[in-house]
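# Per-entry structural report
Residue-level listing of the chains:
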Amino acid sequence: MNPSGPRRLVRAALTSSLATALAGTLVLVAPTGADARRHQPDPRLTPRTHFVMAPDGSTGLTASGERIPNIDSVKATIRRYYNASRDGIADKTSSPYITEMTRIEAEQQAYLDRAYRQAVAAGERPALVFDADDTTLWTYDMEDGAMKFNFDPALQDVWVQDQRFPATPGMGRVVRAAQAGGCKVVGLTGRNDNQRAATIANLNKYYDGAFTDGLYFTKWTGVGASQQPSYIHCATAKCTTIEYKSQTRRHIERDLHLRIVGNFGDQFSDLIGGYADRTYKLPNPTYYLP
């Protein structure tokens, strides 16, 4: 996940979901049907938005505000998870985050090898779908060091256009293994069409040209040629991330005739909505995108 503009309308970087995000980050979900392979997000990741204050200043029968973690403690916990410096720069070689990513990568390899063989045996073309921000490109230094966990879309665009993001730890091995195994590599991001060229160029500094223009999907801006695709149909005038991403995956499978054997993302909104045999939830406690 890979967001700018509308995708950042809700940004719950420092919520009580931190412990959940750090403890249970790998989600392997089997399909529930031949066509509608549905996945549900963990409700514990939904931030609380409703508090009722009684006349005496208490919160009545609702949960106490004492349950909300102290924001400085949460920041310190996140920085320890990434072995980040006081300047908000993550350790690029060793951290609990990198250790967890390494475990996830090892666990997925046996499945993907098997899934590739099964798809080919069935006469299908297997593919893997990858989100951008904090799935293939690592935004931590921008989120903490540059923005102090206060998202700034203008500054984000500077980082995107300047191609400043390093690769997410270990994901180069996953992408190279996918290519070596014969899987198509597909990119699907919430970044917009104005950021498309810079995003692909940034990715291909680290992924050996794996991400190509024809199989990389960015979100429309509604300006000029950047219009909503005909295969996207939203419940309201403005698409949600889940609508955009799930319907794009449907397009990849139905219209491009690829079978998505694995879908990688750091947000549940990258993953739910079906059209993937298996989903991989990567750890990211720095922000939450519904």
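One can find the structure itself at the top, above this paragraph.
Quick summary incoming for the structure in this document. (Residues numbered from 1 in each chain as written. Predicted model: local features only at pLDDT ≥ 70, side-chain atom pairs only at ≥ 80, totals over all residues. Heavy atoms only, no water.)

## Some remarks on the overall build of the protein chain
Heads up, the condition is: Helix numbering and strand numbering both begin at the N terminus, where a helix is a DSSP run of H or I of at least 4 residues and a strand a DSSP run of E of at least 2. Think of it in three bands: residues with accessible area under 20% of the maximum for their type are buried, residues over 50% are exposed, and the middle band is partly exposed, with areas taken using a 1.4 Å probe on protein chains only. Any pair of residues with heavy atoms lying within 4.5 Å of one another is described as a contacting pair. Areas reported here follow the Shrake-Rupley algorithm with a probe of radius 1.4 Å; residue values treat only the protein chains shown as occluding.
In terms of helices and strands, the protein chain carries eight helices and five strands. Listed N to C, the secondary structure of the protein chain is α-α-α-β-α-α-α-β-α-β-α-β-β in terms of helices and strands. Sorting the 290 residues of the protein chain into buried and exposed places 49% on the buried side. Across the protein chain, every contact between residues at least 6 apart in sequence was considered, and the portion connecting residues at least 24 apart equals 73%. As displayed, the protein chain offers around 13,400 Å² of accessible surface, 54% of which is attributable to carbon and sulfur atoms.

## With respect to the side chain of R196
Rules: Residues adjacent in sequence count toward polar contacts only when both atoms are side-chain atoms; beyond that, a polar contact is any pair of N or O atoms within 3.5 Å, and within protein one must be able to donate a hydrogen and the other to accept it.
Along the chain, R196 turns up in helix α7 (residues 196-203). In terms of polar contacts, R196 uses its side chain to reach the backbone carbonyl oxygen of Y216, at 2.7 Å. Apart from the residues lying within four places of it in its own chain, the contact partners of R196 are D213, Y216, F217 and T218.

## Notes on the state of the cysteines
The condition that has to hold: Working definition: a disulfide is two cysteine sulfur atoms within 2.5 Å of each other.
In total, this model carries one disulfide according to the counting rule given. A disulfide bridge connects C234 with C239, and the sulfur atoms are separated by 1.4 Å. On the basis of relative accessibility, which here comes to 8%, the residue C239 falls in the buried class.

## Side note on the pattern of salt bridges
Note the threshold: The rule for a salt bridge is simple: a side-chain nitrogen of Lys or Arg has to be within 4 Å of a carboxyl oxygen of Asp or Glu.
All told, the structure shown has 13 salt bridges when counted by the stated rule. For the salt bridge of D144 with R79, the shortest nitrogen-to-oxygen distance reads 2.8 Å. Remark: R79 occurs in helix α2 (residues 71-81) and D144 occurs in helix α4 (residues 140-146); sequence separation between them is 65 residues. For D144, a relative accessible area of 0% gives the class buried. Of the charged contacts in the structure, one is a salt bridge between R259 and D277, with a shortest N-O distance of 2.8 Å. Residue R259 is found in strand β4 (residues 258-265), and its partner D277 is found in the loop between β4 and β5 (279-281); the two are separated by 18 residues along the sequence. Judged by its relative accessible area of 11%, D277 is buried. Each member of the salt-bridge network shares a partner with another, and the members are E100, R103 and E107.

## Quick look at the nonpolar core
Let me state the cut-off plainly: Buried Ala, Val, Leu, Ile, Met, Phe, Trp, Tyr and Cys residues form a nonpolar core when they are joined through side-chain atoms within 4.5 Å.
Judged by nonpolar contacts, the single largest core of 44 residues is most densely connected at Y82, F130, F211 and F264. Elements that contribute at least two residues to this core include exactly α2, α3 (96-121), β1 (125-130), α4, α5 (153-161), α6 (171-180), α7 and β4. No other element matches the eight residues that α3 contributes to this core. Those residues in contact with F264, other than ones at most four positions away along the chain, are Q108, L112, L128, V129, F130, D131, T135, M171, V174, L271, Y280 and L282. Residues V129, L215, Y244 and I252 belong to the second largest nonpolar core, which totals 15 residues.

## Side note on α3
Just so we agree on the cut-off: Every helix has an expected span of 1.5 Å times one less than the residues it contains. Throughout, bend refers to the angle between the axes fitted to the seven residues that end at a position and the seven residues that start at it.
With 26 residues, α3 should cover 38 Å at 1.5 Å per step; its first-to-last C-alpha distance of 39 Å lies within 8% of that length. Along α3, the sharpest kink reaches roughly 30°, centred on Q109. Turning to α3, its buried residues number three or more, namely Y97, I98, E100, M101, I104, E105, Q108, Y111, L112, A115 and A119. In the segment just after α3, G123 is the residue with positive phi, at about 75°.

## Here we look at the pairing of strand β3 (residues 216-219)
Strand residues, when the strand is regular, have side chains that alternate between the two faces of the sheet. What counts here: We treat two strands as partners when DSSP finds at least two bridges between them. Orienting the strands away from the viewer, one traces the path from the first strand over the helix to the second; a clockwise path indicates a right-handed crossover.
With burial as the criterion, each face of β3 is covered, one bearing Y216 and T218 and the other bearing F217 and K219. In the sheet, strand β2 (residues 184-192) pairs with β3 via three bridges, with the strands oriented parallel. Note that in β3 the partner of N192 across the bridge is K219. Tracing the backbone out of β2, into α7 and back to the parallel element β3 gives a crossover that is right-handed.

## Observations concerning the packing of α3 against α6
Applicable threshold: Here an axis means a line fitted to C-alpha atoms, over the contact stretch when the element is a helix, while the angle between two N-to-C directions is reported on a 0 to 180 degree scale. Should an angle fall under 35 degrees it is taken as roughly parallel, and over 145 as roughly antiparallel, whereas 65 to 115 is taken as roughly perpendicular and any remaining angle as oblique. Left-handed describes a crossing whose near helix is turned anticlockwise from the far helix by less than a right angle; the clockwise case is right-handed. When residue character is reported, Ala, Val, Leu, Ile, Met, Phe, Trp, Tyr, Cys and Pro are called nonpolar, Asp, Glu, Lys and Arg charged, and the others, Gly included, polar.
It is the contact of α3 with α6, at a shortest axis distance of 10 Å, that shows an interaxial angle of 15°. Judged by the angle between their axes, α3 and α6 are roughly parallel. The element α3 and its partner α6 pack so that their crossing is left-handed. Residue-level contacts link M101, T102, E105, Q108 and Q109 of α3 to M171, R173, V174 and A177 of α6. Classifying every residue of the contact of α3 with α6 gives four nonpolar, three polar and two charged.

## Concerning the sheet that holds β3
Within a sheet, each strand pairs with its neighbour through backbone hydrogen bonds, oriented either parallel or antiparallel. Read across the sheet, five strands follow the order β3-β2-β1-β4-β5 without closing on themselves; strand pairing throughout is parallel. Unpaired on one side and paired on the other, β3 and β5 mark the two borders of the sheet. Averaged over all pairs of adjacent strands, the angle between their axes in this sheet comes to 20°, without regard to strand direction. Across the sheet, α3 is in contact with β1, β4 and β5; its angle to β4 comes to roughly 170°.

By themselves, these are just geometric observations and shouldn't be taken as functional.
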